[in-house]
Amino acid sequence: MKSHYQKDRKINSRIENFRDMSPAERLAKALQQANMDAQWQTQFFTAEQAVLPLNVADAMIENLVGKFELPLGIAANFVINDKEYLIPMVVEEPSVVAAASHMAKIVRRSGGFKMESDQPIMRAQVQVLAISDIGRAKQQLLDIEDELLRLANSKDPLLLSLGGGCQGIEVHLFEKSAIGPMLVLHLLVDVRDAMGANTVNTMAEAIAPKVAEVTGGSVRLRILSNLADLRMVRGSVRVNSETLAMSNLTGQEVALGIVEAGALALIDPYRAATHNKGVMNGIDPVVIATGNDWRAVEAGAHAWAAHTGRYQALTHWEIDRQGFLIGSIEMPMALGIVGGATKSHPCAQACLELLNIQSAQELAEVVVAVGLAQNMAALRALATEGIQKGHMALHARNVALAAGATSTEVDDLAKKMVLEGEINIPRASWLLKNK
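Rules of the game
- Residues numbered from 1 in each chain as written.
- Predicted model: local features only at pLDDT ≥ 70, side-chain atom pairs only at ≥ 80, totals over all residues.
- Heavy atoms only, no water.
- 1 Å grid on protein atoms, 1.4 Å probe; cavity = no way out; pocket = protein on both sides within 12 Å on 5 of 7 lines; lining within 4 Å.
- Points joined across faces, edges and corners; volume = space filled by probe spheres on them.
- Helix = DSSP H or I, 4+ residues; strand = E, 2+ residues; numbered from the N terminus.
- Nonpolar A, V, L, I, M, F, W, Y, C, P; charged D, E, K, R; others polar.
- Salt bridge = Lys/Arg side-chain N within 4 Å of Asp/Glu carboxyl O.
- Buried < 20%, exposed > 50% of the residue type's maximum accessible area, 1.4 Å probe, protein only.
- Pairing = 2+ DSSP bridges.
- Axes fitted to C-alpha atoms, helices over the stretch in contact; angles between N-to-C directions.
- Contact = heavy atoms within 4.5 Å.
- Phe/Tyr/Trp six-rings, centres within 6.5 Å; stacked < 30°, edge-to-face > 60°.
- Lys NZ or Arg CZ within 6 Å of the ring centre and 35° of its normal.
- Lys, Arg positive; Asp, Glu negative; His and termini not counted.
- Polar contact = N/O pair within 3.5 Å; in protein donor to acceptor, adjacent residues only side chain to side chain.
- Parallel < 35°, antiparallel > 145°, perpendicular 65-115°, else oblique.
- Left-handed = near helix turned anticlockwise from the far one by under 90°.
- Expected span 1.5 Å × (residues − 1).

1. Overview of the layout of surface pockets
Part 1 of the reasoning: The computed volume of the second largest pocket comes to approximately 370 Å³.
Part 2 of the reasoning: Around the second largest pocket, the lining comprises 16 residues; the ones closest to its centre are Met 195, Ala 197, Asn 198, Gly 339 and Gly 340.
Part 3 of the reasoning: For the lining of the second largest pocket, the secondary-structure elements that each account for two or more residues are α7 (197-215) and α11 (341-344).
Part 4 of the reasoning: Per element, the largest residue contribution to the lining of the second largest pocket is 3 residues, and it comes from α7.
Part 5 of the reasoning: Across the lining of the second largest pocket, the residue classes break down as 5 nonpolar, 9 polar and 2 charged.

If you want it as structure tokens, here you go:
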């Protein structure tokens, strides 16, 4: 079996008629397109195989009683920074994987997604209370910055040897709070290919006694911040509007509709919340598939969406002078490819292998690109035929299952409901009884 993250492996993410294949055929085809050894099939989510052994699950959390499964799909067609990707997505909502794949197919005709990312710097916060002069305490801490860095880095010599480690400090003062003045020291830590929570938490705890000694205050919280605003990912697409044309609309009309839909999310938090949920529809499934902390990613994304003082869209859409649709995104993205569930969960390992990424930064760029694709798909649907037409057509399969259809009855029943335009459990039940 090949080792993880081979640099010479080539992927072709364009798969014709992928949707029409059986699950087993899709898996075999995806492995072939990803140039992966067929032995991965026994580990990569075959129904007959226990992907997450119970003893491994028991070691991951406490009070284990069982396992909860979610569907795993693969989004095809992605080209990101001129590299092809097949992207694993763990999600229960219909239309998400299809929408991402379809937008990636359109975007690849115009050169794909262009992404860039900052170094993987995470913040650890050390809260200090009961200081008589917080301004003087700030200067005292800045004066011993080198000593604090040495103390923090002594806790992770391996990270230091890999080029990471604590890079600096910031000192934030809060003159007023519900409990009086406080000082908060930030450790800025390059965590390399880790998400970094354990590393920065350990460093924060290590320096706490010294911080208390120097400031004369009482240290309280010592923990990372999930607003990873030094670990940003930025990306864009520039799409030939002609590729957006639909049967009843020109490409320019569709592009204008996307821009108009996106504009509301820049000024109205009620729309922005749903707009950003659409972005996260693409991001969360990849984060989950790779064993990363989707809750931390969500927290950071929504905090960043409000960093100006008003909650607004994570993406921006416009039309340039040549008539091309331009989409851009900027958001924090703290992910890892080492440690935690990324190494303990067999599915996460297989998903990382499928992605063929080389670093946590590359994974972050891929994940945010999927978010941009998902947002584009949602805006295109909203600006044209409405969100429900495509979503409900795919949702019809779930309705058929809920009504009691067998696996051999699901497709025919779903097609009948879609043709009728009546997709609900009572109608599905009636069709089953009167077939």
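Additional details are given in the paragraphs that follow.
2. With respect to the pattern of salt bridges
Note that side chains of opposite charge can pair when their charged atoms are close.
Part 1 of the reasoning: On inspection of all chains with the given rule, the structure shows 17 salt bridges.
Part 2 of the reasoning: Salt-bridge contacts for Arg 192 lead to Asp 190; the nearest nitrogen and oxygen are separated by 2.9 Å.
Part 3 of the reasoning: Relative accessible area serves as the criterion here: at 24%, Arg 192 is assigned to the partly exposed category.
Part 4 of the reasoning: Its salt-bridge partner being Asp 320, residue Arg 238 comes within 2.9 Å of it at the nearest N-O pair. Of the two residues, Arg 238 is situated in strand β8 (residues 232-239) and Asp 320 in the loop between β9 (315-319) and β10 (325-332); the sequence distance between them amounts to 82 residues.
Part 5 of the reasoning: Residue classification places Arg 238 among the partly exposed residues on the basis of a relative accessible area of 37%.
Part 6 of the reasoning: Taken together, the shared-partner salt bridges in this structure form one network comprising Glu 116, Asp 118, Arg 234 and Glu 330.

3. Looking at the sheet that holds strand β5 (residues 165-174)
Part 1 of the reasoning: What the 4 strands build is an open sheet, ordered β5-β6-β4-β7; its pairing is antiparallel. At either end of the open sheet lies a strand with only one pairing partner, and these are β5 and β7 (218-224). If you compare each strand with its neighbour and ignore which way they point, the axes differ by 20° on average.
Part 2 of the reasoning: With respect to the sheet, helix α4 (residues 134-143) is in contact with β5 and β6 (182-190), its orientation differing from that of β5 by roughly 170°.

4. Some thoughts on the packing of aromatic side chains
Part 1 of the reasoning: All told, the structure shown has 1 aromatic pair when counted by the stated rule.
Part 2 of the reasoning: Plain terms: the ring middles of Phe 78 and Phe 113 are 5.5 Å apart, the flat faces sit at 20° to each other, and that makes the pair stacked. You can see Phe 78 sitting in strand β1 (residues 72-80) and its partner Phe 113 sitting in the loop between α3 (96-108) and β3 (114-117), a full 35 residues away along the chain.
Part 3 of the reasoning: Assessed through its relative accessible area of 0%, Phe 78 is described here as buried.
Part 4 of the reasoning: Across from the ring centre of Phe 324, 3.9 Å away, lies the NZ or CZ of Arg 238, which sits over that ring.
Part 5 of the reasoning: The aromatic ring of Trp 294 is capped on one face by Arg 295, whose charged end is 5.5 Å from the ring centroid.

5. Some thoughts on the side chain of Glu 298
Part 1 of the reasoning: Structurally, Glu 298 can be placed in helix α10 (residues 294-305).
Part 2 of the reasoning: The buried charged residue Glu 298 lacks any salt bridge partner; its closest oppositely charged side chain belongs to Lys 277, at an N-O distance of 8.4 Å.
Part 3 of the reasoning: In this structure the side chain of Glu 298 is engaged in a polar contact, spanning 2.8 Å, whose partner is the side chain of His 302.
Part 4 of the reasoning: Residues contacting Glu 298, with those up to four places away along its chain left out, are Met 280 and Asp 284.

6. Observations regarding the packing of α4 against α7
The axes of two packed helices give the description: the angle between them and the distance between them.
Part 1 of the reasoning: Running from N to C, α4 and α7 cross one another at 130°; their axes reach a closest spacing of 9 Å. In terms of axis orientation, α4 runs oblique to α7. Once α4 is placed against α7, the crossing between them reads as right-handed. Contacts between α4 and α7 involve Ala 137, Gln 140 and Leu 141 from the former and Val 211, Val 214 and Thr 215 from the latter.
Part 2 of the reasoning: Grouping the constituent residues of the contact of α4 with α7 by class yields 4 nonpolar, 2 polar and no charged.

7. Looking at the environment of Ser 154
Part 1 of the reasoning: Along the chain, the position of Ser 154 falls in the loop between α5 (145-153) and α6 (157-161).
Part 2 of the reasoning: Classification of Ser 154 as partly exposed rests on a relative accessible area of 46%.
Part 3 of the reasoning: For the pair Ser 154 and Cys 166, spaced 12 residues apart in sequence, the C-alpha to C-alpha distance is 9.8 Å.

8. A closer look at α10
Part 1 of the reasoning: The first and last C-alpha atoms of α10 sit 16 Å apart over 12 residues, in line with the 16 Å expected at 1.5 Å per residue.
Part 2 of the reasoning: Ala 296, Val 297, Glu 298, Gly 300, Ala 301, Trp 304 and Ala 305 are the residues of α10 that are buried.
Part 3 of the reasoning: Close packing links the buried residues of α10 with β8, α9 (269-289) and β10.
Part 4 of the reasoning: Between the side-chain oxygen at the start of α10 and the backbone nitrogen of Arg 295 there is a gap of 3.1 Å, and the oxygen is on Asp 293.

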